[in-house]
Each structure stands twice: as C-alpha cells, then as structure tokens.
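Structure at a glance
Residues per chain are reported as follows:
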Amino acid sequence: MARITAKSAGLLVDEFDFSGVSNSMDLSFAETPAEVTAFADSDLTFIQGKPTFTFNVNGLWSTASPNYDGEMFTDLTATNRRVGIYPGGLDEGNFGYEGVTNISSSPRVSTIGDAIACNVTWQGASAPIRSRIIEANTITCNGSTVVVNGTGYNLGTFATTTTIVGVWRMVEMGGSGSNTIALEIQSENNDTWGSPTTAINFGTITHSTGVSFLTATATGQAGVESWFRVQIQSSGSGSRTFKNYVSFGYYVT
Amino acid sequence: MARTHGKDSNFSFNSVAIEDELSSITMNATVAESEITAFSDTYQNFIAGKKGVSFDVSGSLDMAASQGDATIFDHIHTTSGPKTLVYDPDGAGPDTNSPEYTCTSSGLTGAICSSYTINLPVGGAATYSATFQCSGSTTRAVS
C-alpha cells in the first residue's frame, strides 16, 4: 500500500516538461451511465456510456525557461497535444497518464496578493493510456554504434483488440555534432531476452540539439509476451548525450 | 444502542480490496418518490419508486499495479461492464448486527464507476475520489 505525496508530480506537454511551473493538477475520468430501468426491475438499472477525461492544471505564469505562457497560448489553437501526468514524478518505473488533448480553457489570473497564474483545462480528444515510464536514462554517442537495452518490465499481454502505445521524449544534454538515434520497444516472454520481438518501432531520427518527441503505436500482439523494454541505437560522428523518456501503455481499439 | 466507529470499514471493487487506500466511504441509498397528492388530501402524499444505490469514496492515490488506480481506470477505460462491489461498514461482517452491502456483477447488475478524479496538489498528498453507480440489486447480508 503506497501513499505518495504530490510534491514531485511531473507534467509533460508533447516534448515540453512543465513540471517546474505547475503546482496543482486534477485528472478526471468519467463515463455517464445511462439508465435502462424497466418495469420488471426491482432496482434502478444502468449501463456504461462512453468514457471521457479532462486534465486541469494550475500553474504559474512563466514567459521564459520555460515559456509556459507562450506555449499554452499557441496551444489554444493547436490540436491533439499529448499531455503526460506522473503523480510520483518523471522517474523510471513510475505510472501515470498520457492523453491526446485540446485546450478548452486557459485563464491567466492576476490578483494583487498573489503570483500570476496560468491555468489550463485539457479536454481529452481520444482514449487516454495509463502509462508507465519504462526508460528514463541517458545514452552518450561516441562516433561508433552504441546499443543500449533498458530494464525489462512485466506489463502483461495485450490482445489484438488493443493498441499499444509508445511515447518517446528525447532531450539533448550536451556534446557536439549530430547523431542518428533509432529506438524501439521490444517484447519477450520472459526477462532473459533471448530472442526479443519488436513490439513498437519508432524509426530513426537525426538529432543535434533541443528536444524530440515521437509517438508510435502497434496492434496488440495476442501472444504470451508480457515483458517489454527499450532498445536505443546511436550512430553518427557526433558526441551528443541524450536523455530518453519512454512511456508505454495501451487502449482498447 | 450500538455506536460504531468507521475506522475499520472494508470496500472492494472488482474483487480488489481498496480500504487500504480509502479514508471516506458514503453509500447513497435513494428511492424516487412520486407525488400523488390529491385535492382532498390534508397532507402531501408520495409513493415510492425503485430504489437506487451509489457510492462516493475518497482516499490516497496508489499507482501500483493491481491497486485502486489501475482497477478503477481499467474499468472505465475498457468499458468492461458492471463489476462486483462490496461495502462492509464495520469490517466485521457479514453477521448479525454487522451487515455487508454487495452489488454482484451479473448481466446488467453490478457497480459502474461514473467518475474518477485524481488530485495532485504540490503541498499535499496525491489523493483520489470516485463515484460508483450500482446497477440492479444491492443486497444487505447479515450472515
């Protein structure tokens, strides 16, 4: 029985980490049961409706490092921004939620006795995933091919009626030049990784500075492979160090 | 006259006991009353409709696998139909003077989570609240 403080909760919007400018978040998941009570029923009877979700984020008005205000203003007319919220923080192994969202309101609030607030309500635009951070480590490129395998996690098997989802956020941490990074999420039926299968392939990107953000999906495997891990390969002449945050989850197709 | 502390309540949803996360449970039992007052009546008169039961719960967020968060979200997310809900107010039932309320999953009967909210304040604990609408019969067992 874990009980956690919310003091280190993490907030990601696409490739941006806004944990440093947010101070309160509410995640609301709902479905409205429809009443289907018939005369012959002894009690009120209901059936499930369609689920929906909203993320309400209260934050601080920041215009640089990070430019939260600017990004949120831009996002007023953007669509399908991926918001990730991790109650225990952005550490590997932590559970959280990722959802494709649109802003439904974003007030800036100035009061004489308080800091300026920038609050955002994100309306879910499609199915959210209950995600787990399965990689939160760095890879340092050295001019030759470097292969890094992440820790394996037993996340269960996924039927073909589900879509498995990977979210990859890569942050350049230093070095020089340019590198090619390939990332995939592999699966295996145990933690020995004798012959892993590619479960989700993100492809290859060339990166130098800044942050990259990719999502990739695949149909559930209908197999017995319940272990998942990340494999990252770097190549190219650069000497960059990259921090990789990779989340994994699923939704019912 | 018995007086019972609420400190030992038990609550489970879809066979997952979550009383180790919860700190508040409210069972709402309602009956829609239809007014049937006639001109000749001295007082307003009502007639009972069908009864309904719902639960409001709140407690500490536990994100670990197979705990409350995973169980409740999976139910909403997969719309997998009503689940069995059990509420034992004093944690000692079911027994005489120690009832246990159960909404058992079967067909249209069972509990449906209609809302689930996670609260993450920077200065406090991660908490959640949820509302379960019982569909069909909720039983009160005393043995």
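Concerning the nonpolar core
Core analysis: the biggest nonpolar cluster contains 80 residues, and Met25(A), Ile85(A), Leu85(B), Tyr116(B) and Phe132(B) have the highest contact counts within it. With six residues, strand β7 (residues 110–121) of chain B is the largest single contributor of residues to this core. Two domains each provide a minimum of three residues to this core, namely domain 1 (10–126) and domain 2 (133–252) of chain A. With near-sequence residues (within four places) excluded, Leu85(B) lies in contact with Phe13(B), Phe55(B), Cys103(B), Ala111(B), Phe132(B) and Cys134(B).

Let's talk about the interface of chain A and chain B
Listed per partner, the contact involves 35 residues of chain A and 36 residues of chain B. Listed by contribution, the elements that provide at least two residues to the side of chain A that touches chain B are β3 (22–31), β5 (46–47) and β19 (241–252) of chain A. Here the element with the most residues in the side of chain A that touches chain B is β3(A); it accounts for nine residues. Split into classes, the residues belonging to the side of chain A that touches chain B amount to 18 nonpolar, 10 polar and seven charged. Relative to β7(B), β3(A) runs antiparallel, the two being bridged by seven bridges. Bridge pairing in β7(B) links Asp26(A) to Asn119(B).

Topic: the domain arrangement of chain A
Residues and elements named next belong to chain A. Parsing chain A into structural domains produces domain 1 (10–126) and domain 2 (133–252). For domain 1 versus domain 2, the distance between C-alpha centres works out to 26 Å. On the domain 2 side, the residues contacting the 12 residues of domain 1 number 13 residues. With three residues, strand β7 (residues 81–86) is the largest single contributor of residues to the side of domain 1 that touches domain 2. For the side of domain 1 that touches domain 2, a count of residues per class yields three nonpolar, three polar and six charged.

Details of the environment of Thr5(A)
Mapped onto the elements of the fold, Thr5(A) is located in the segment before β1 (10–13). The exposure class assigned to Thr5(A) is partly exposed, which follows from the 16 C-beta atoms found within 10 Å. With 82 residues separating them in the primary sequence, Thr5(A) and Pro87(A) have C-alpha atoms 8.1 Å apart. For Thr5(A), the contacting residues outside a window of four places in its chain are Ala125(B) and Ala126(B).

Calculation criteria
Residues numbered from 1 in each chain as written. Chains lettered and ligands numbered in written order. Predicted model: local features only at pLDDT ≥ 70, side-chain atom pairs only at ≥ 80, totals over all residues. Core = buried A, V, L, I, M, F, W, Y, C linked by C-beta atoms within 7 Å. Buried ≥ 20, exposed ≤ 12 C-beta atoms within 10 Å, placed from the backbone. Helix = DSSP H or I, 4+ residues; strand = E, 2+ residues; numbered from the N terminus. Domains from an automatic or database assignment. Contact = placed C-beta atoms within 7 Å. Nonpolar A, V, L, I, M, F, W, Y, C, P; charged D, E, K, R; others polar. Pairing = 2+ DSSP bridges.

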